[in-house]
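Summary of structural features
As a plain string of letters, each chain reads:
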Amino acid sequence: KRAQTSNMAASNDDEDSVFKPWPTAPKEALVPVVREEFGYVQRTRWRLADRLHEEVVELDSPYAMHVAAGTQVFTFVLLGDQNAGKSTFLHAFTHFNDDSFLVLSSLLPILSSSFVNTRFIPDGDDRSPRDELPFLDTDLGRGTFVLTADDFSFFVTEHDLDPTLVTAAPRDTRFFVVQFLEFGGDHLDQLMDPKLVEGNQALIDIVERSRALLTRCHKAVYFVNGSTLFPASPSGDVDVSYEALSLMHHRLCFLDSLLPADVDVMFHLSRPPTLHNPTLACQLATALATEIGGAGGDGGDDGGGGGGGSRGRRL
């Protein structure tokens with residue numbers, strides 16, 4: 001009874017007094033920014049303490065492709081608008097200070113995870129590396145998590161996934177690594193327009209390596225910032241921004257020329273508006289069909305080629 005009374009009292013106090021299983025800190029304090037030769041970097045890492053004796057695959061660089069023998073890697077590419085939640089998603093696999101991490105780790109028995117976030121700003125450039133806390137304005141990021149072969153096999157079976165994810169792997173596979181590669185909007189523009197990196201050999205090399213990464217992914221997810229795509233009018237109504245939609249189309253045409261032909265593109269809408277307008281979904285479907293599916297897609301001046309369905313890609 002005393003415990004029940006204590007819990008009731010705690011629920012009426014302010015948030016700081018509510019019991020939490022471990023101390024928490026502001027997220028910006030957990031992902032510090034470090035200045036390096038090519039720009040700014042954020043790094044975080046997590047390892048399961050109970051299994052530190054196991055060999056763990058670490059991929060610190062967004063470009064690291066070499067992994068230990070007996071390791072199967074699945075690569076997913078995250079692209080899209082700025083401030084659409086890509087870095088937040090990647091960081092979640094290392095954010096053990098968050099109360100929800102226990103739920104995540106019970107669903108995915110992660111052995112280790114890592115997060116790398118980079119912003120390419122050369123010395124002498126006084127631009128701010130971020131405009132919204134806690135993450136950098138990502139040019140290129142990477143999030144990975146590692147599962148043992150047994151845990152991955154159980155996860156596939158438990159969630160009724162394609163069994164060939166396990167059976168097609170080499171017999172000596174000990175670990176499965178899932179890696180998410182994030183391409184920020186600014187970096188995607190650099191890939192599309194070589195003029196943006198003219199005269200900077202370091203960025204030219206980075207752009208070439210990024211292009212190569214896009215040709216090796218297994219799946220692609222395009223994050224859309226709903227607050228940009230659906231701006232609110234002075235009257236409070238929500239409409240479709242055809243300027244933002246046109247930019248999306250231009251980027252998708254370029255991606256269509258680089259992604260493997262069998263890679264489908266999934267869309268994730270973040271920061272969606274309050275749907276006071278019941279016809280908004282129909283408006284969006286019509287706009288996408290007109291701007292992406294039916295435009296034919298000349299690819300712009302970058303030679304990106306092909307419209308939304310030019311290679312039979314499923315959106």
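If you're wondering where the values come from, they're calculated on a predicted model, not measured in any experiment. (Residues numbered from 1 in each chain as written. Predicted model: local features only at pLDDT ≥ 70, side-chain atom pairs only at ≥ 80, totals over all residues. Heavy atoms only, no water.)

**Here's the deal with the pairing of strand β3 (residues 71-80)**
Most of β3 is tucked away, with seven of its ten residues classed as buried. Where β3 lies against strand β6 (residues 175-183), eight bridges are found, and the strand directions are parallel. The residue bridging Thr-71 from the neighbouring strand is Phe-175, located in β6. (Buried < 20%, exposed > 50% of the residue type's maximum accessible area, 1.4 Å probe, protein only. Helix = DSSP H or I, 4+ residues; strand = E, 2+ residues; numbered from the N terminus. Pairing = 2+ DSSP bridges.)

**Quick word on the pattern of salt bridges**
Across all of its chains, the model carries six salt bridges by this definition. Its salt-bridge partner being Asp-186, residue Arg-119 comes within 3.3 Å of it at the nearest N-O pair. Placement of Arg-119 in strand β4 (residues 112-120) and of Asp-186 in helix α7 (residues 185-192) is noted, with a sequence separation of 67 residues between them. Given a relative accessible area of 6%, Arg-119 falls into the buried group. Look at Asp-186 and you get partly exposed, because its relative accessible area is 35%. Between Glu-132 and Arg-271 there is a salt bridge whose closest N-O contact spans 2.5 Å. Pair noted here: Glu-132 is in the loop between β4 and β5 (140-148) and Arg-271 is in the loop between β8 (265-270) and α11 (280-293), with a separation of 139 residues, a long-range link. (Salt bridge = Lys/Arg side-chain N within 4 Å of Asp/Glu carboxyl O.)

**Some remarks on the nonpolar core**
Membership of the largest hydrophobic core comes to 32 residues, with the highest contact counts inside it found for Leu-79, Phe-183, Leu-214, Tyr-222, Leu-229 and Leu-255. Looking at this core, the elements with two or more residues in it are β3, β6, α7, α8 (201-214), β7 (219-225) and α10 (242-258). If sequence neighbours within four positions are ignored, Leu-79 has contacts with Lys-86, Phe-183, Leu-188, Leu-214, Ala-220, Val-221, Tyr-222, Phe-223 and Leu-255. If you look at the next biggest cluster of nonpolar residues, it comprises 25 residues, including Trp-46, Phe-135, Leu-147 and Phe-176. (Core = buried A, V, L, I, M, F, W, Y, C linked by side-chain atoms within 4.5 Å. Contact = heavy atoms within 4.5 Å.)

**Notes on the side chain of Thr-138**
Following the sequence through the fold, Thr-138 ends up in the loop between β4 and β5. Side chain to side chain, Thr-138 and Glu-182 meet in a polar contact 3.4 Å long. Among all residues touching Thr-138, those that are not within four sequence positions of it are Ser-87, Asn-117, Thr-118, Glu-182 and Gly-184. (Polar contact = N/O pair within 3.5 Å; in protein donor to acceptor, adjacent residues only side chain to side chain.)

**Here we look at the packing of aromatic side chains**
Taken as a whole and judged by the stated rule, the model has twelve aromatic pairs. Between Phe-93 and Phe-180, the aromatic rings sit 5.7 Å apart at their centres with planes inclined by 15°, giving stacked as the arrangement. Of this pair, Phe-93 sits in the loop between α3 (86-91) and α4 (101-107) while Phe-180 sits in strand β6, placing them 87 residues apart in sequence. Both residues of the pair, Phe-93 and Phe-180, count as buried. Seen from their ring centres, Phe-152 and Phe-176 are 4.1 Å apart, and the 15° between their planes marks the pair as stacked. Taken together, the positions of Phe-152 in helix α5 (residues 149-158) and Phe-176 in strand β6 put the pair 24 residues apart, joining distant regions of the chain. Here the two residues Phe-152 and Phe-176 agree in accessibility, since each one is buried. Sitting over the ring of Tyr-40, Arg-35 keeps its end group 4.5 Å from the ring centre. (Phe/Tyr/Trp six-rings, centres within 6.5 Å; stacked < 30°, edge-to-face > 60°. Lys NZ or Arg CZ within 6 Å of the ring centre and 35° of its normal.)

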